[in-house]
Amino acid sequence: MKVSRGLLIPIVVLALTALVSGVAWALRIQLYSPRAPFSAFLILVGLLSAGYLFMHETKSGKEIPVRRIPAFDAIEEAVARSVEMGRPVHVTFGFGTISSAHAPQYVAGLGVLSHAARLCGKYGAKLIATLGVPEAIATTEEVVREGYYSAGRPELYDPTYNVRYLTDQQFAYASAVQATLIRENVGANIVVGPFYAESLIFMEAGNMVNAFQIAGTARETQIPFFVLTADYSFIGEEVFAAGALASGDKETLASIRGQDVGKLLSIVLVILGILMLLAGTKMVDALNWAWKVG
Amino acid sequence: MSEMSALRSLEKVLGSKELLYTLLLLSVILPILHPLGIPVEISKRTLDVYEYVDKKLPPGCHVYIEVYYEVAARGELEPNLIALTKHLFDKGCKIVYGSLSAFGVVAFSLFKTMAADLFEDKVYGRDYVYLGYIAGSEAATASLARSIRGTISVDNYGNRLEDLPLMREVDKATDFDLVIIVSSGTDVFAYYVRQWHTPYGVPLLFAALSVIGPSIEPFVGAGQAIGMLVGQRSAAEYEVLVGRLGLGIASMDAQSTSHMLIVAFIAIGNAIYWSKRVSSQRGGSK
Amino acid sequence: MSLVVRRYAPQAIVTIIILLTVMFFYFYVNPETSEAFSRADKALSDWVVVITSFALIVGGIDILRFHLVRMRKEGLRQAPFSAVTISLLVLMVLFALHGWYLSYADPAAGIAITTQPQFRWLYLNVYAPADAAVYSILVFYMASASYRAFRVRNPMALLLLVVALIVIFGNTTVGGLLWPGFLSLRDWVMTVPNTAAFRPITIGAGLGIIILGLRLLTWREVSWMGRRE
C-alpha cells in the first residue's frame, strides 16, 4: 500500500521525537527545557498529528461526520429575524486582540463576525460591529466589507455605521455597547469572543430590547452568565469550532474531529491518572521522565 | 379568569425592574449607613491562609505582592490587600509590590492612602518597595521571576533599584517566601502559576473577586497555590483575624441584605410562576 | 504581488514565529540560547505595547470620524452626546501634550502624563467613579437575571437553585445565623463539584486552541487577516 505524503509527515515527526528523546536519554544529554513538561509536548504533537490526519483523510475523499453546534446554526435565524423586524444585528468580540493570551478566542470571534457579515449581506441586514480594541479596527472593517461584497451587496456597507470603535476601557466600553444596543434597538445580539465582567451587562441590555441573543466564550468565569441569559450559547471549546464551521470547507471542518479525539484522550488520561494514583504513583512524573533524566 | 389577571398584574409589579432595582439600592446603602453588626464566622479556607502566613512564614520573610486591579474592583480587593499587608508587617515581613497593569499604579496609591497607619513606621526601600507598572504581561512575569533588576531598573518613583536596600536582598523568584496575587482579572493568576510556581516552586496565594473565585479554584485544588481569599467575605474574615476592622467587614451587612433580597425575589418569581402554571392547567380543562 | 503581500507573507511570518516559539519553549540547547530566546520573547511583547499605543491614535481618529458623521446625519438629536465625547477626547490629548511638555521641561520627573495633579484629579474624581458605577450596575443585572433564570421549570433547574442558595447563604453572614453548616457546605460546593465542572471546560478550551493553531499553521484559518479567501 502506498503511504501518501500527508500521512507520512506526522508519523515521521512522532518517530523523530521518539528517536531523539531515546538518543538523548541514552547519552544523558539535557534536551528538553526543564520549564516545559514533556507530557505537554507529547499531547501537543499527538493532537496536531491527529487533527492533521483527519484533514488529510478528507482530501482523499473520505467524509468525516462533524457534529453541528446549535448556537452556530442559530446565527442565520437571528439575522433573518432581525431583517423581518427591520432591526439591525449587533456583533462584538470583546477585548480579544491578536497579541493577548486570548488571541485564539479573538480569531474565533472574527470567524463568527465574518459569518454574520456574510449572512447580513445575504439577507440585506444592517450590521453593527462594536470594538473594544483599536488594533482590530482595520481587520474588522475588512471582514465586514468582505461579508457584504461577497454577498453582492456592496451598497449596504458603510464603515462609519457598520464598524464602531468605542473605547479600550472595559466599563466605558460596556456602557457604550449597552447604549448602542438600546438606542439602535437591535434585533439580534451576537456576542462571541473573550469577555470579562461586561458579559452580563451586554446580555441584560440585549434582553431589555428583546433581542435574539447568541453568546459564547471560552473564559470559564463568564460561561455561566451566557448560558443563563442567552437564547443560544457556545460553551467553551465550541467557540473555536465556529471559525471552521463558518468556512464550510470540508477539510477545515475535519480538524474539529481532532478536538473530539483530544477530549477522548483526556478522559482516558484522567481515568488512568486516578488508577495510577490509587496504585501510589503520579502519572505526571511517569509522563515527564524524558526531561528528568537529562 | 380574574385570578389569572390578578396574578399577571402582580407579576407585572413584582417583576418590574424599577421595583427590584430600587429595593436593591436601598438594601446596599442602608446597612452601610446603619450597620446591623451580624457576627462573621471564619471559614476554614480563610483560616488556612491565616495559619499559613502566621506559622509557615519565618519572621523577616520576603513577600512579593502583585497589585492588579482597577478602581472598579477596589471595594472587594483593597480590604483583602490591607488585611494581608497588616498581617505581613506585623510579622516583620518585607514586601515588594509590583503591577503588571497601568491601573495598578493608581490602585496602589489609593491603597497606601487608605492604609496609611500601616506604613507609618515603615521605611520605603528598607521595609517595602513599589516597582510600579511593569509592561509586557506574561513575558514580563517570566522575566521578573529570573531577575527583577534585569527586567526594570527603576521603581515607581524613579529610584534606582540598586540604591534600595530591600532590592539588594531580593532579585529572583526563589528569593521570595510567598507571592500574593491580588487581581481582578483571571489571566494574571495563570501567569504566576506558569512562570513562578511551575519552574521555581514559589508558594502562591490568591486574592480574587467573588466572580473569579470558581475559575481559579482548580489551581488551589491542584496545590499550585497555598490558598485563596475570595471577595468581601474573605476580606471580612481576615480583618477579624488580624484585628484591623475596615471596609471588608463594613460591607458584609450590605452583602447579606442584598443577597437576601435576591433570594426573596427568586422565591416570589417561583411562586408566581408555579401558581400561573397551576391555574393555567386548571383553566385548560374548562 | 498583492496576494503575496496580503496573504502569503503574513501567514509565513506567523507560522515561523509559532514554530520558533514552540521549539524554544520545549527544547533546551544551552543557557545562552534560552537567554536569547527569552530576550526575543520580551522584545516581541514590547512591540505589542508600542503597536497598541499607535493603534490608540487610530482609535481616537475613528471615534472622531464616527461622531462627526453622526452629528452631520442626525443633527441636534445626536449633537449633545457627541459633543461630550469629542470634548473629552480633545481634553485627553491636551493633557497628554501638557504632560509631554512637563517631562520635556524637567527630564528628572520622567513621563509626567499620568502623574500631573490635574490628570490625577480628573482620573480620581471623574473617571474612577464612572468606572465603578458601571461595574456596580452588574449587581442590578445579576439580580434581575437571577429573578428570571432561577425559575424551577424542571428537576435540573431545582438542583441549580438549591446549589445557588447554598452558595448565597454561605457567602453572607445571615446564612451563618440560620445554619452554621452553610459555610462548610459552600466550601465543598466550590472545591468539589465546581472544580469538577471547571476543569473539563479549561481542558476543552485548551484542545480547541491547539486545533485552531493547527488550522493557522496549515493556512486554513484566515479570518484574522480580515479576509476569507
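Reference entry: report on the structure contained in this document. Note that the coordinates shown come from a computational prediction; the quantities given were computed from them, not determined experimentally.

A word on the overall build of chain B. A count of helices and strands for chain B gives 14 helices and 6 strands. Taken over C-alpha atoms, the radius of gyration comes to 24 Å for chain B, far larger than the 19 Å a tight globule of 286 residues would show. Each principal axis of the C-alpha atoms in chain B carries an extent, and together these give about 85 × 40 × 35 Å. Relative to its 286 residues, chain B shows a buried fraction of 56%.

A few words on the pairing of strand E5 (residues 212–217) of chain A. All names here are of chain A. Extensive coverage of E5 is indicated by the burial of 6 of its 6 residues. A two-sided burial pattern is seen for E5, the buried positions comprising Phe-212, Ile-214 and Gly-216 on one face and Gln-213, Ala-215 and Thr-217 on the other. The pairing of strand E4 (residues 188–192) with E5 spans 5 bridges and is parallel. When the sheet's bridge partners are listed, Asn-189 is paired in E5 with Gln-213. In this fold, E4 hands off to helix H8 (residues 199–208), which returns the chain to E5; that crossover is right-handed.

This paragraph deals with the sheet that holds strand E5 (residues 204–208) of chain B. Strand pairing in a sheet takes place through backbone hydrogen bonds and is either antiparallel or parallel in direction. Residues and elements named next belong to chain B. Taken together, 6 strands build an open sheet; the order of strands is E3-E2-E1-E4-E5-E6 and the sheet is parallel. Looking along the sheet, the strands with just one partner apiece sit at the ends: strand E3 (128–133) and strand E6 (227–230). Direction aside, neighbouring strands of the sheet carry axes that sit 15 degrees apart on average. The pairing of strand E2 (residues 94–99) with E3 spans 4 bridges and is parallel. From the neighbouring strand, Ser-99 faces E3, where its bridge partner is Tyr-133. Most of the contacts of helix H11 (residues 213–221) go to E6, to which it runs at about 165 degrees, and overall it touches E5 and E6.

Let us look at the interface of chain C and chain B. Chain C puts 45 residues into the contact, and the matching count from chain B is 56 residues. Buried surface at the junction of chain C and chain B, both sides included, amounts to about 4300 Å², of which 67% is carbon and sulfur. Interface area lost by chain C to chain B is led by Phe140(C), Tyr147(C) and Thr173(C), which between them contribute 17%. Applying the counting criterion to the chain C and chain B interface returns 1 salt bridge. The residue Arg45(B) makes a salt bridge to Asp187(C) at a minimum N-O spacing of 3.3 Å. One can count 10 residue pairs in polar contact (both at pLDDT 80 or more) joining chain C with chain B.

Thresholds, definitions, all that
- For every chain, the first residue of the written sequence is number 1, and numbering continues from 1 along that sequence.
- Chain labels run from A onward and ligand labels from 1 onward, assigned in the order the entries are written.
- The model is predicted, so local features are restricted to residues of pLDDT at least 70 and side-chain atom pairs to those at 80 or more, both for listing and for counting; the totals for chains, interfaces and linings are taken over all residues.
- Side-chain figures throughout are based on the complete set of non-hydrogen atoms in the structure, without hydrogens or water.
- Per the convention used, a helix needs a DSSP run of H or I reaching at least four residues, while a strand needs a run of E reaching at least two, with both numbered from the N terminus.
- Just to be clear, the radius of gyration here is over C-alpha atoms, and the globule rule we use is 2.2 Å times residues to the power 0.38.
- Relative accessibility decides the category of a residue: with a 1.4 Å probe and only protein chains considered, values under 20% of the type maximum give buried, values over 50% give exposed, and everything between is partly exposed.
- Pairing between two strands requires that DSSP report at least two bridges joining them.
- Here, the term right-handed applies to a crossover whose path from the first strand over the helix to the second runs clockwise when the strands point away from the viewer.
- Simply put, an axis is a line fit to the C-alpha atoms, just over the touching stretch for a helix, and the angle between two N-to-C directions goes from 0 to 180 degrees.
- Note on contacts: a residue pair qualifies if any of its non-hydrogen atoms lie within 4.5 Å across the two residues.
- Once two parts are joined, some of their accessible surface, as seen by a 1.4 Å probe, is lost; buried area is that loss totalled over both.
- Here, a salt bridge means any Lys or Arg side-chain nitrogen found within 4 Å of an Asp or Glu carboxyl oxygen.
- As used in this structure description, the phrase polar contact means that two N or O atoms lie within 3.5 Å; if the pair is within protein, one of them must be able to donate a hydrogen and the other to accept it, and residues adjacent in sequence are counted only when both atoms belong to side chains.

Function cannot be inferred from these measures alone, as they are strictly geometric.
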